[in-house]
Amino acid sequence: MFIRDSSVLEKAAVPLVLFFFQAEDGIRDFCLSRGLGDVYKRQVFDQSTTQQDVFEEMKYFVQSAIDGEHVSILAYGQTGSGKTYTMEGLDLASSAGKKIVESSGIIPRALDFIFAEKQRLISLGITLEMELACLEIYNDNITDLLSGGEKRQPSGDQQKFNIHMENGRVVVQNLCWTAIESHETFWGCIRKAYSLRTVDKNFWNERSSRSHCIYRLKLVNSSKQKEGLLTFVDLAGSERSEPTQDAGADIQHKKKIQNEANFINKSLTTLGRIVRMIADKSPNTAIPYRESKLTRLLQDSLGAASSQTLLFVNVCPSSENFLQTKESLIFGSKAVLN
């Protein structure tokens, strides 16, 4: 688990840095401070941490996927805490296809890393083939962000994206996979997915994610006996609905936001419970992956053999966000495996 505060985005005059102490049974105490302690120093990123610093800490997870593992990288936190900034960077869609810049997030840096590794493997006579799928889970319904040109079909006309397991791999029926031969192909997919994602204006953001956005990259290494899978998950905001509602919003819009929040919080609660069950290694306990589309989709990367999961917990450093920060840390503590 990595902790990151969002003051790098807020550019506060005297940003606060979060650190915490961990006991054997999870988080024992934590506080907001103006200095970073030695405890969990490698896992806590303060406002001085660059995007490159973050990627250097987690690039080994990308390498594991190239080597045939199932790897999931998730960003969790309240709205405005920097989840999308960590995963994508600033203006991912508009900068797609350009060189890596200082603000580039994990996804574009991972792509560069994979293509560099692909060239290295070619020199050794090894091929690395890639396929990409992009989807969102909105109100516990799956939308394929790479198929069709319309934002969302009427509910009665929606394609069925049933989820089932096949040879230990999660399969989404009718999901579109695109072969990735170049940077340009990849960024074309990202631009399309970005333009179709469900967002809305709220108190914190002009463009707030109202869905879980998921990028899945299949990696077939000819020197390995198994297919790697790299999944990036930009989770929807984890806060209660009331603080994020626009004071000027009409009643119908408020109801819509409330309904979205209910689905978001239910899926995140299920995710937290499953992660805790996996961490506890409870014998003879059935893990309820089917309780939400999110956890069902991640079943082959959460607790499965040859799988790894990295959770970024993004927090806001200001005192007004203390309760949300506390809740985010409690959620994150469940991801620390014993």
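It should be emphasised that the depicted structure is a prediction, and the values quoted were computed from it without experimental measurement.

**So, the overall build of the protein chain**
Then step 1. Each helix and strand in the protein chain was counted, giving 10 helices and 15 strands.
Then step 2. The burial tally for the protein chain puts 51% of its 338 residues in the buried class.
Then step 3. Counted over contacts in the protein chain with a minimum sequence separation of 6, partners at least 24 positions apart contribute 68%.
Then step 4. With an accessible surface of roughly 15800 Å², the protein chain has 50% of that area assigned to carbon and sulfur atoms.

**Re the nonpolar core**
Proteins that are soluble and globular tend to have nonpolar side chains buried together.
Then step 1. With 42 residues, the main nonpolar core has Met58, Ile73 and Leu230 as its most contacted residues.
Then step 2. Of all elements in the fold, only helix H2 (51–66), strand E5 (70–77), helix H5 (106–123), strand E6 (128–138), helix H6 (183–196), strand E13 (212–221), strand E14 (227–234) and strand E15 (307–315) reach the threshold of two or more residues within this core.
Then step 3. Excluding residues that lie within four positions of it along the chain, Met58 makes contacts with Phe2, Ile73, Ile106, Leu310 and Phe312.
Then step 4. Core analysis: the next-biggest nonpolar cluster, separate from the first, contains 30 residues, Leu135, Ile137, Ile163 and Ile264 among them.

**Comments concerning the environment of Ser223**
Then step 1. Structurally, Ser223 is set in the loop between E13 and E14.
Then step 2. On a C-alpha basis, the gap between Ser223 and Gly125 in space is 9.2 Å, while along the polypeptide they are 98 residues apart.
Then step 3. Polar side-chain contacts of Ser223 include one of 2.7 Å to the side chain of Asn221.

**A look at the pattern of salt bridges**
Then step 1. Tallied over the entire structure, the rule returns 9 salt bridges.
Then step 2. A salt bridge links Asp300 to Arg169, with the shortest nitrogen-to-oxygen separation between them at 3.6 Å. Of the two residues, Asp300 is situated in the loop between helix H9 (293–297) and E15 and Arg169 in strand E9 (residues 169–172); the sequence distance between them amounts to 131 residues.
Then step 3. The partner of Glu260 in a salt bridge is Lys256, and the shortest N-O contact between them spans 2.8 Å. A residue pair is termed a helical-turn pair when its members lie 3 or 4 positions apart in one helix, as Glu260 and Lys256 do in helix H8 (residues 251–280) at 4 residues.
Then step 4. A relative accessible area of 0% places Glu260 in the buried class.
Then step 5. What makes Lys256 partly exposed here is its relative accessible area of 33%.
Then step 6. Connected via shared salt-bridge partners are Arg169, Arg216, Glu227 and Asp300.

**Looking at the packing of aromatic side chains**
Two numbers describe a pair of aromatic rings. These are the distance of the centres and the angle of the planes.
Then step 1. Summed over all chains, the structure comprises 2 aromatic pairs.
Then step 2. Between Phe55 and Phe113, the aromatic rings sit 6.0 Å apart at their centres with planes inclined by 70°, giving edge-to-face as the arrangement. Of this pair, Phe55 sits in helix H2 while Phe113 sits in helix H5, placing them 58 residues apart in sequence.
Then step 3. Of the residues examined, Phe55 reaches a relative accessible area of 5% and is grouped as buried.
Then step 4. Ring geometry for Phe186 against Trp187: centres 5.2 Å apart, planes inclined by 85°, an arrangement best described as edge-to-face. For the pair Phe186 and Trp187, one class covers both residues: buried.

**Here's the deal with helix H10 (residues 322–333)**
Then step 1. In a regular helix each residue adds 1.5 Å, so 12 residues correspond to 16 Å; H10 covers 16 Å between its end C-alpha atoms and thus fits that length.
Then step 2. Here H10 has its buried residues at Gln324, Thr325, Ser328, Leu329, Phe331, Gly332 and Ser333.

**Quick word on the side chain of Arg169**
Then step 1. Overall, the relative accessible area of 13% leaves Arg169 in the buried class.
Then step 2. Of the polar contacts made by the side chain of Arg169, one reaches the side chain of Glu227; its length is 2.6 Å.
Then step 3. With near-sequence residues (within four places) excluded, Arg169 lies in contact with His70, His164, Lys218, Glu227, Gly228, Leu229 and Asp300.

**Structural notes on H8**
Then step 1. Relative to the 44 Å expected for 30 residues at 1.5 Å per residue, H8 spans 43 Å between its end C-alpha atoms, a close match to the ideal helical length.
Then step 2. In the stretch just after H8, Lys281 is the one whose phi turns positive, near 55°.

**Notes on the confidence of the model for the protein chain**
Then step 1. Confidence in the prediction of the protein chain, expressed as mean pLDDT, is 77, and 74% of residues score 70 or more.
Then step 2. In the model of the protein chain, strand E3 (residues 26–33) stands out as the element of lowest mean pLDDT, 36, in contrast to strand E10 (residues 178–179), which has the highest, 96.
Then step 3. Here residues 10–42 is modelled with pLDDT under 50, and outside its nearest four sequence neighbours on either side it reaches 68 contacts, counting other chains as well.

The rules we used
- Residues numbered from 1 in each chain as written.
- Predicted model: local features only at pLDDT ≥ 70, side-chain atom pairs only at ≥ 80, totals over all residues.
- Heavy atoms only, no water.
- Helix = DSSP H or I, 4+ residues; strand = E, 2+ residues; numbered from the N terminus.
- Buried < 20%, exposed > 50% of the residue type's maximum accessible area, 1.4 Å probe, protein only.
- Contact = heavy atoms within 4.5 Å.
- Areas by Shrake-Rupley, 256 points an atom, 1.4 Å probe, with all protein chains shown as cover.
- Core = buried A, V, L, I, M, F, W, Y, C linked by side-chain atoms within 4.5 Å.
- Polar contact = N/O pair within 3.5 Å; in protein donor to acceptor, adjacent residues only side chain to side chain.
- Salt bridge = Lys/Arg side-chain N within 4 Å of Asp/Glu carboxyl O.
- Phe/Tyr/Trp six-rings, centres within 6.5 Å; stacked < 30°, edge-to-face > 60°.
- Expected span 1.5 Å × (residues − 1).
- pLDDT = per-residue confidence, 0-100.

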